[in-house]
Amino acid sequence: MDYMSFSLLRVKPLPTPPPVPYGKRSEDDISLWAYTRPVRGRWVAGLLVALTAAVLAISIPQVLGWIIDSLLTNQPVASSVWLGGTLVFALGLAQAGLILLRRQLVVEPASTVENTMRVDLFDRLLRSPLSFHDRWPSGQLLTRAMSDLGTIRRWTAFGLIQLITTLVQVAVGTAYMARGSWQLALIFLMSLPLTVFFIWRFVRSFRTLTRASQEKTGDLATTVEQSVQGIRVLKALGRGEHALAGFEKGSSELKNLEIKRGRTMGMVQMQVGIISGLTLAIALLVGLNLVAEGTMSVGALSSYFATATILMAQVERSSMLLSMYLGAKVSMDRHRQVMVGGAGEQVELTLDADESEVEMLSTQLGGTSIEFDQVHFSYGESERPVLTGFSLKVHPGEIVALVGSTGSGKSTVLQLAAGLYAPTSGSLRIDELDARRVPLPQLRSRVAFAFEEPVLFSASVRQNVLLGASSDLTENEQNKLLERALDISAADFVAQLPQGVETVIGEEGMSLSGGQRQRLSLARAIAADPGVLLLDDPLSALDVSTEEQVITNFKNQLGGTTVLLTAHRPSTVALADRVVLLQEGKVAALGTHSQLLSRADYRNLMAPSTTRQGAEQ
Ligand SMILES: Nc1ncnc2c1ncn2[C@@H]1O[C@H](COP(=O)(O)OP(=O)(O)OP(=O)(O)O)[C@@H](O)[C@H]1O
């Protein structure tokens, strides 16, 4: 029978509280205390139930003692046995019911806390600037989102409650013992400082091992993730053995850490076990003497041993509970590391803006202007500056190409325009508004980006292409948008896919060719219907005739959308109304492709492929 069907013991599920509004979160909000706030009432109820169960459990030996004493005195035997047996059974039954109720009461608050923290963390990952992701290895984030939060849940649902009940049981149990014999209670109490000393020593070394083990788990997760993502490269270069050797080394380090943790735990359990055994042996000697002298009854001695055995087992388990506490504490610290940005971290471009001063972009459709004014930028304080006074105005509906040698900062300019990074100094204006005063979601809704390395999701072509499209569109409008985007990006291969636009493409689109993926990524940017299209070398994987077709479509069908693109091929550059030559972090020349061809440095930059193209023709 499903135990949940005990309607008396069934507890109504709790709603998950909404995440703390982003940007309003203080460091104090990122603590277990704060996360448990909405569920604390139910958790405390669970604790009270657990305490009652624990007190009942520790009371059973008292009844046993009383039965034994009754048997040894002149009272009627049968009635004592029946009464005592019934009492023990009733106490056991009540205890079992309370344990079930406690589980129901505390598992949900603990899971709710885990869920809230996980959603918060994911929210943070999505909203954090790219500089955050540049810094954090993916595996570390993965283990923080999954296993670390599981550790916190187990501590909240079980460990913490168990530790508190152990303390209360020791206090109540000692009082029961003292009622039977203060000497024996004293012997038990005297064993505690030594036990605490060994446990304290254990905690100190176990904490370091726990932290190291959790960090190592994160590193290994990163290795697995990167190897799976780069499996083609590893196979093509025959580096499987090498990758395996590296992984084995890391994995063995984790194994050694786990063995050390196990040994440390085993050592403390042995030490506490020896103390318990010694205490019971001394207590037995003293206890038998007291019984022989007649100052203690046999029942009281029996109940002392039953109580002491329960308490000793609980005390021995406390090292395991403390290890849980340490795991949860390290996990909480690791969670906080991710949630609280490092000094000077810029979480949102508009975070510091006074809300009353925040400006709104017009929702008018069509081309958006974009202007860089003396923009300086470096990826980090210690990094070399990439842009050193970059100024450029792109007018609505204009197509501007950025060219420059590899690493000159072309992609960086596009990423700044998309609000993925913020200028270190200088300003960026979108439709004449300072981008710092425009809410980021608004800014991003006006721009769409197609990356050179197209990232596709394991979903249908339709879902991939319409990812950035407004969710208010009707199905008919969505279909039109999808058709137009696929048409402009010359993605006619979609019609040949088994289920057309409904075909689910494999993980990261790996089932498609590089050129096919690039065209879907381009179609996705177009389908977002932006004011500005930011295209980072989006046609590099296309053959010459498909490239020409896409360029013609751009010219004829984009309808006033501003385009800022980077390109290496002259054929793509020639599409632009104006071309910007980027050198040493700033604009070195600006003009049409044919105007710039009068410059030797521009010709040199374009020459190799022009020559190659000529040879091909
Ligand atoms: N996330 C990053 N963190 C630190 N440095 C970066 C980062 N991304 C790029 N860089 C550095 O910034 C400089 C400019 O890079 P960027 O990608 O903008 O050049 P690019 O002109 O687009 O190059 P390419 O033509 O090869 O695509 C390079 O020196 C690069 O190493």
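Note that the structure is a prediction, hence the values are computed from the model and not measured. Every chain's residues receive numbers from 1 upward, in the order its sequence appears when written. Given that the model is predicted, a residue must reach a pLDDT of at least 70 before its local features are reported, and side-chain atom pairs must reach 80 or more before they are shown or counted; all residues, however, enter totals for whole chains, interfaces and linings. Computation of side-chain values covers all heavy atoms of the structure but excludes hydrogens and water.

Undergrad: Describe the packing of aromatic side chains, naming the residues involved and giving the relevant values.
TA: Here the aromatic set is Phe, Tyr and Trp, taking the six-membered ring for Trp, and pairing holds for ring centres within 6.5 Å; pairs whose planes are under 30 degrees apart are stacked, those over 60 apart are edge-to-face, and all others are tilted. The full count for this structure, using the stated rule, is 9 aromatic pairs. Look at phenylalanine 372 and phenylalanine 390: their rings are 5.1 Å apart centre to centre, the planes differ by 75 degrees, and that puts the pair in the edge-to-face class. You can see phenylalanine 372 sitting in strand β1 (residues 370-377) and its partner phenylalanine 390 sitting in strand β2 (residues 387-394), a full 18 residues away along the chain. Residue class for phenylalanine 390 comes out buried when judged on its relative accessible area of 0%. Plain terms: the ring middles of phenylalanine 377 and tyrosine 379 are 4.9 Å apart, the flat faces sit at 80 degrees to each other, and that makes the pair edge-to-face. Each helix is a run of DSSP H or I of at least 4 residues and each strand a run of E of at least 2, with the numbering of both proceeding from the N terminus. Buried, partly exposed and exposed residues are distinguished by accessible area as a fraction of the type maximum, computed with a 1.4 Å probe on protein chains only: under 20%, between the cut-offs, and over 50%, respectively.

Undergrad: Describe the side chain of glutamine 271, listing the residues and the values that go with them.
TA: With respect to the element layout, glutamine 271 can be found in helix α9 (residues 240-293). Non-local contacts of glutamine 271, meaning those with residues more than four positions away in its chain, are made with Phe198 and Arg201. Whether two residues touch is decided by their heavy atoms; if any such pair falls within 4.5 Å, the residues are in contact.

Undergrad: Can you break down a nonpolar patch on the surface residue by residue, with the values?
TA: Only residues whose relative accessible area exceeds 30% and that form no salt bridge enter a patch; like-charged residues are grouped when within 9 Å of one another, and nonpolar side chains (Val, Leu, Ile, Met, Phe, Trp, Tyr) when within 5 Å. Exposure was quantified through the Shrake-Rupley algorithm and a 1.4 Å probe, taking into account, for residues, occlusion by the shown protein chains and nothing else. When a carboxyl oxygen of Asp or Glu is within 4 Å of a side-chain nitrogen of Lys or Arg, the pair counts as a salt bridge. A cluster of nonpolar residues, Leu71, Leu72, Val81 and Val298, forms a patch on the protein surface that exposes about 330 Å² of accessible area. Tracing the chain through its elements places leucine 72 in helix α2 (residues 40-72). A relative accessible area of 57% places leucine 72 in the exposed class.

Undergrad: Go over helix α6 (residues 147-180) with me, naming the residues and quoting the values.
TA: To estimate the expected span of a helix, subtract one from its residue number and multiply by 1.5 Å. Between its first and last C-alpha atoms α6 spans 47 Å; for 34 residues at 1.5 Å apiece the expected length is 50 Å, and the two agree. Axes are fitted to the seven residues ending at a residue and to the seven starting at it; the angle between these axes is taken as the bend at that residue. Of all the bends in α6, the largest measures some 45 degrees and sits at tryptophan 155.

Undergrad: Describe the confidence of the model for the protein, naming the residues involved and giving the relevant values.
TA: Averaged over every residue, the pLDDT of the protein is 83; the share at 70 or more is 88%. Confidence drops under a pLDDT of 50 for residues 609-617, and excluding neighbours within four residues, the segment shows 5 contacts in the predicted structure. Confidence scores per residue from the predictor, reported as pLDDT, run from 0 to 100.

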